[in-house]
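# Architecture at a glance
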Amino acid sequence: DTLIFLDVDGVLNVGVRGDRGAPLLLSNDNMEALFVGSDNCADVEPQQEVVLKIWSAARRYCHAVCEDGKLLSETLVERLVNIMRSAGPRTHVVLSSSWRHLRHLDSCEVLEAAVSLRLGRRFKFDGRTEIVEETSQADRIRLIGDYIEQHCLNSGAKALSVLVLDDLFVAPLNGWICCGHQIRDVWDVERYLRGRAPQGCEVRAKFLHCYEEWETDGGVPVQAGVGLTDKDVETAKLFLSGELGISGLLADACRAPGACAAGRIAMGREHPMLPGSGPSPGPPCGAEREACGPGESDRQGAGNG
């Protein structure tokens, strides 16, 4: 069995973090409103720094700009479909985005229609993570873990491949806590997800974090959910085909005292040939997981996702 968990904002579009909560969508409408000084766009902050951030993102990701009032990038939807085509027949695509909520029903139907058109067959999401409000990146990962655990129990699967596509609310992996597990990099996310499988089910996990941060030419920091890249597509297809087989234990070796800096760098998103797959390092988090809620240590300030 294979589960693909899909976030939408920051994965099938590009969103730049502003100063007022929700990310700013990289779209023709928003760029026009910003650059001509329009006051008619509620999604726009009329500040020079925001203009610089959007302009910088547009220069990097012009291929992913949303057009004609749409919330989806045609290029990024096509990349998703490319990944889906490489998945096997026993694949479930699960909506883990905030788009799973009833208030986004119309937008979700537009997404399903867009995927159907490119797949050449009718597409509907096979499932959704629990419909509750998320307040942190940890909530998103925990809910995905809940779904993995329940799927294994319900299906009786002995082996499961899990692919997660998410920008985690335009946020870095910088040491926040999920159910007692410190999340410092993609390996930590993958290790946590593997550990959520019940005994008797072996899980391979790959997390593609569609997030980047950089500075503009003038030194303004930018954080963005940058959507699926060509490298992400290549990595996902290799993972789904089973060709990524390096054990997640490499991550532990890279963290060991005296490990070289190159080893740490190799764990990043720029090196898709190093997956977070392999056998689970231990049993599910059990009582610790049951006791886990969106406590203060989990809260890192979620936005749209």
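Throughout, a residue's number is its position along its own chain's written sequence, starting from 1. Local features in this predicted model are restricted to residues of pLDDT 70 or higher, and side-chain atom pairs are both shown and tallied only at a pLDDT of 80 or more, whereas totals for entire chains, interfaces and linings draw on every residue. Calculation of side-chain values draws on the structure's entire complement of heavy atoms; hydrogens and water are dropped beforehand.

### Points about the confidence of the model for the chain
Rule in force here: The predictor's confidence in any single residue is recorded as pLDDT, a number from 0 to 100. Only heavy atoms matter for contacts: two residues are in contact if any of them lie within 4.5 Å across the pair.
This prediction gives the chain a mean pLDDT of 82; 76% of its residues lie at or above 70. Every residue in residues 38-46 scores below 50 in pLDDT, and together they form 18 contacts with partners more than four places removed in sequence or on other chains.

### Concerning helix α2 (residues 48-60)
The criterion, for reference: Secondary structure counts use DSSP, requiring at least four H or I residues in a row for a helix and at least two E residues in a row for a strand, with both numbered from the N terminus. Helix span is expected to be 1.5 Å times the residue number reduced by one. Only protein chains enter the calculation, and the probe is 1.4 Å; a residue is then buried if its accessible area is under 20% of its type maximum, exposed if over 50%, and partly exposed in between.
Helix length check: α2, at 13 residues, gives a terminal C-alpha distance of 19 Å against a target of 18 Å (1.5 Å per residue), a fit within 8%. Among all positions of α2, only V50, V51, K53, I54, S56, A57 and A58 are buried.

### Focus: the state of the cysteines
As a reminder, the rule being used: Cysteine sulfur atoms that pair up within 2.5 Å are treated as a disulfide.
Per the stated rule, a full pass over the model turns up zero disulfides. Distance from the sulfur of C178, which forms no disulfide, to the nearest cysteine sulfur (C179) is 4.3 Å. Overall, C178 belongs to the buried group, its relative accessible area being 0%.

### Overview of the nonpolar core
Side chains of nonpolar character tend, in soluble globular proteins, to be buried together. This is how the line gets drawn: To qualify as a nonpolar core, a set must consist of buried Ala, Val, Leu, Ile, Met, Phe, Trp, Tyr and Cys residues joined through side-chain atoms within 4.5 Å.
With 52 residues, the main nonpolar core has L12, L111, V115, L163 and L165 as its most contacted residues. Element by element, the count of residues in this core is highest for helix α3 (residues 74-86), at six residues. Setting aside residues no more than four positions away along its own chain, L165 makes contact with I4, F5, L6, D7, V11, L80, I83, L208 and L228.

### Side note on a negative patch on the surface
Using the following cut-off: Each patch is assembled from residues with relative accessible area greater than 30% and no salt bridge, linking like charges that lie within 9 Å and nonpolar side chains (Val, Leu, Ile, Met, Phe, Trp, Tyr) that lie within 5 Å. Each accessible area is a Shrake-Rupley result for a 1.4 Å probe, and residues are judged covered by the shown protein chains and nothing else. Salt bridges are identified by distance alone: a Lys or Arg side-chain nitrogen within 4 Å of an Asp or Glu carboxyl oxygen. By the counting scheme adopted, Arg and Lys are positive, Glu and Asp are negative, and His together with the chain ends is not counted. For the purpose of locating charges, the reference atoms are NZ of Lys, CZ of Arg, CG of Asp and CD of Glu.
There is a patch of like negative charges on the surface, built from D29, E32, E67 and D68. With respect to the helices and strands, D29 occurs in helix α1 (residues 28-36).

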